[in-house]
Amino acid sequence: VAVHWHGGWHHGKPDEAAGFCYLNDCVLVLRQWAHVYDRILYIDLDLHHGDEVQRAFYHTDKVVTYSVHKFETGFYPGTGGLTEIGAGKGLGYTVNVPLLSGADDETLNRVIDETLFDLMDRYKPQAILLQCGVDGVAGDPHQAFNYTPGGLSSVLRKVLSRDLPTLLLGGGGYHIANAARTWTRITGV
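Residues numbered from 1 in each chain as written. Predicted model: local features only at pLDDT ≥ 70, side-chain atom pairs only at ≥ 80, totals over all residues. Heavy atoms only, no water.

Trainee: Honestly, the layout of surface pockets in this entry has me stumped. Any pointers?
Mentor: Unoccupied space between atoms shows up once a probe the size of one water molecule is rolled over them. Here the largest pocket defines a volume of roughly 310 Å³. In terms of lining residues, the largest pocket is bounded by 22 residues, among which Trp-9, Phe-20, Gly-171, Gly-172 and Tyr-174 are the most central. The residue inventory of the lining of the largest pocket, partitioned by class, reads eight nonpolar, 12 polar and two charged. (1 Å grid on protein atoms, 1.4 Å probe; cavity = no way out; pocket = protein on both sides within 12 Å on 5 of 7 lines; lining within 4 Å. Points joined across faces, edges and corners; volume = space filled by probe spheres on them. Nonpolar A, V, L, I, M, F, W, Y, C, P; charged D, E, K, R; others polar.)

What follows is the structure, given as structure tokens:
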């Protein structure tokens, strides 16, 4: 397991900055890993959909993108609906779990238990990149989700139980004390 909390910039586009991201370290890592691994799982827990990671791998079967995020009219970036499932060789390799405001630890862990591990069993990834944005933690200025550090840590424990090479990246988190507290708790897992 490797950790870089100052990463997770999943909105950066190939030719311009977007969503506070001036590059896309998630895409850069996944592209490098694709030279080593045949099957990679990208998990995005940020409040916002990992739009540009999805776009980068929408047409390939080498990377499954899995995102749990807020999805409501007018909420940035406006992508990540259930009908976005990949195309061409990538058809079925994009999985979005769009949630409405108010999601909490119980919601997060339920959707993870009901969707992620079946996906992992079928796809059999060789490595995992986990984007751990904490802007869904209760108290964040977005005031959208009510996750706790313990709830996100529970998800990480389950993912790490698969004993695969894993990179943890940060992401959104606009309440500094919450971000520090949550990433510290996750690091302790």
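Trainee: Explain the pairing of strand 5 (residues 127-131) here, please?
Mentor: Moving residue by residue along a regular strand, the side chains alternate between the two faces of the sheet. Buried residues dominate strand 5, accounting for five of its five residues. Alternating residues of strand 5 divide into Ala-127, Leu-129 and Gln-131 and Ile-128 and Leu-130, and every residue in both groups is buried. Here five bridges tie strand 2 (residues 40-44) to strand 5, and the two strands are oriented parallel to one another. Looking at strand 5, one finds that Ile-40 is bridged to Ala-127. Across four bridges, the pairing between strand 5 and strand 6 (residues 166-169) is parallel. Residue pairing in the sheet places Leu-130 in a bridge with Leu-168 of strand 6. Once you follow strand 5 into helix 4 (residues 149-160) and on to strand 6, the crossover reads as right-handed. (Buried < 20%, exposed > 50% of the residue type's maximum accessible area, 1.4 Å probe, protein only. Helix = DSSP H or I, 4+ residues; strand = E, 2+ residues; numbered from the N terminus. Pairing = 2+ DSSP bridges. Right-handed = clockwise from strand over helix to strand, strands pointing away.)

Trainee: Hey, could you run me through the packing of helix 3 (residues 105-123) against helix 4 in this one?
Mentor: Axis angle and axis distance: for two packed helices, these are the angle between their axes and the distance between the axes, and together they describe the pair. One can describe the packing of helix 3 onto helix 4 by two numbers: an axis separation of 9 Å at closest approach and a directional angle of 15°. In terms of their interaxial angle, helix 3 and helix 4 are classed as roughly parallel. Two packed elements cross with a definite hand, and for helix 3 against helix 4 that hand is right-handed. Residues Asp-105, Leu-108, Asn-109, Ile-112, Asp-113, Leu-116 and Phe-117 of helix 3 pack against Gly-151, Leu-152, Ser-154, Val-155, Lys-158 and Val-159 of helix 4. Looking at the contact of helix 3 with helix 4, its residues break down into seven nonpolar, three polar and three charged. (Axes fitted to C-alpha atoms, helices over the stretch in contact; angles between N-to-C directions. Parallel < 35°, antiparallel > 145°, perpendicular 65-115°, else oblique. Left-handed = near helix turned anticlockwise from the far one by under 90°. Contact = heavy atoms within 4.5 Å.)

Trainee: What exactly am I supposed to notice about empty space enclosed by the protein here?
Mentor: Within this structure, the stated rule accounts for one cavity of 30 Å³ or more. One number sums up the size of the largest cavity: a volume of about 30 Å³. Around the largest cavity, the lining residues are Tyr-42, His-49, Gly-50, Val-53, Gln-54, Thr-65, Tyr-66, Ser-67 and Asn-96. At the level of elements, helix 2 (51-56) and strand 3 (63-70) are the ones that each hand at least two residues to the lining of the largest cavity. Per element, the largest residue contribution to the lining of the largest cavity is three residues, and it comes from strand 3. Within the lining of the largest cavity, the residues separate by chemical class into three nonpolar, six polar and no charged.

Trainee: Looking at this structure, I do not really get the pattern of salt bridges. What am I missing?
Mentor: Note on pairing: side chains with opposite charge can pair once their charged atoms come close. Scanning all chains against the criterion turns up six salt bridges. Of the charged contacts, one joins Lys-158 and Asp-113 as a salt bridge, the two residues approaching to 2.9 Å between their closest N and O atoms. Here Lys-158, found in helix 4, pairs with Asp-113, found in helix 3; they are 45 residues apart in sequence, far enough to count as distant. Lys-158 sits in the partly exposed class, given a relative accessible area of 24%. By relative accessible area, which is 43% here, Asp-113 ends up partly exposed. (Salt bridge = Lys/Arg side-chain N within 4 Å of Asp/Glu carboxyl O.)

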